[in-house]
Amino acid sequence: LQLVGEQLATDDPAGAAKTLAKLRGTADGPLLNFRAVQVAAKQGDLAAARAGLRALGTDPAVSRGLLRDAAAALAEAGWDAEVDEEVEWLAGDSAVTPAAAWLWADRTIRKGKGWKVADKLADLAERSPAAGREAALTYAWGMAVLGRPDDVAATVQRYAELIRADDDGWARAGESLSVAGKHALAAAWLGDWRDRANVNPWMLVALANSLRGVGDDAGAMAVTRDSSDG
């Protein structure tokens, strides 16, 4: 699999295709399928590249990063519009994965159509809570980056129960609130950190920043000290 990557990097798609063919009978999994998408894109095989992207997007084991890079392979081949079509299909699939929901939401927001994500969040959350959570978090972060703090707050509050069910999601929502300047809300949102089982120090950076944002320097220092002490 590493050799396939090196062959693609040295502009040898034919060699990469031969290596991939030898692997087919002995290996399987997300990385192999990702390499297949890359090879198809380099060889100009749109149908195979799209099929591969769709297969990755419906595989719960595929990470956000791997799915993003697969989509990038098609976009680099000049098929950005086709990526949009596939990602839209993935978001509408009955078994939508969190990674697919993230990719759809991220691409849609980057293209200036964040309203489409907002309109679809409730439907996604109903079909797949995990995918809905990922899309809501991606939307909240996107709005924070775009300087739309009220949209961040409204999204986090509307999907609070869904987001709080996951420690990573809870932390990411708090970070979005903090970056958006909603410091009082972020401090309140993250204030139950001692009751959570899987809190890591990085998750509390936003809490410390927001406590400073509301003038509670002593509280920020206490959070920093207590989280460092475990």
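Residues numbered from 1 in each chain as written. Predicted model: local features only at pLDDT ≥ 70, side-chain atom pairs only at ≥ 80, totals over all residues. Heavy atoms only, no water.

**Considerations on the overall build of the protein chain**
Regarding its fold elements, the protein chain presents 15 helices and 0 strands. Its C-alpha atoms give the protein chain principal-axis dimensions of about 60 × 40 × 25 Å. Counting only residues that meet the buried cut, the protein chain has 47% of its 230 residues in that class. Considering only intrachain contacts with a sequence separation of at least 6, the fraction spanning at least 24 residues in the protein chain is 60%. Only carbon and sulfur atoms are counted for the fraction: they give 51% of the accessible area of the protein chain, which is about 11,100 Å². (Helix = DSSP H or I, 4+ residues; strand = E, 2+ residues; numbered from the N terminus. Buried < 20%, exposed > 50% of the residue type's maximum accessible area, 1.4 Å probe, protein only. Contact = heavy atoms within 4.5 Å. Areas by Shrake-Rupley, 256 points an atom, 1.4 Å probe, with all protein chains shown as cover.)

**Comments concerning the packing of helix H9 (residues 129–145) against helix H12 (residues 167–179)**
The geometry of H9 relative to H12 is characterised by a closest axis approach of 8 Å and an angle of 20 degrees between their N-to-C directions. The angle between H9 and H12 places the two elements in the roughly parallel class. As for the relative orientation of H9 and H12, their crossing is left-handed in sense. Facing H9, whose interface residues are Glu 134, Leu 137, Thr 138, Ala 140, Trp 141 and Ala 144, H12 presents Gly 169, Arg 172, Ala 173, Glu 175, Ser 176 and Val 179. For the contact of H9 with H12, the per-class residue count stands at 6 nonpolar, 3 polar and 3 charged. (Axes fitted to C-alpha atoms, helices over the stretch in contact; angles between N-to-C directions. Parallel < 35°, antiparallel > 145°, perpendicular 65-115°, else oblique. Left-handed = near helix turned anticlockwise from the far one by under 90°. Nonpolar A, V, L, I, M, F, W, Y, C, P; charged D, E, K, R; others polar.)

**As for helix H6 (residues 80–92)**
The end-to-end C-alpha distance of H6, which contains 13 residues, comes to 19 Å, matching closely the 18 Å that a straight helix rising 1.5 Å per residue would cover. For H6, the complete set of buried residues consists of Glu 82, Val 83, Glu 86, Val 87, Leu 90 and Ala 91. Buried residues in H6 make contact with helix H4 (46–57), helix H5 (64–76), helix H7 (98–110) and helix H8 (114–127). (Expected span 1.5 Å × (residues − 1).)

Read these as geometric descriptors, not functional statements.
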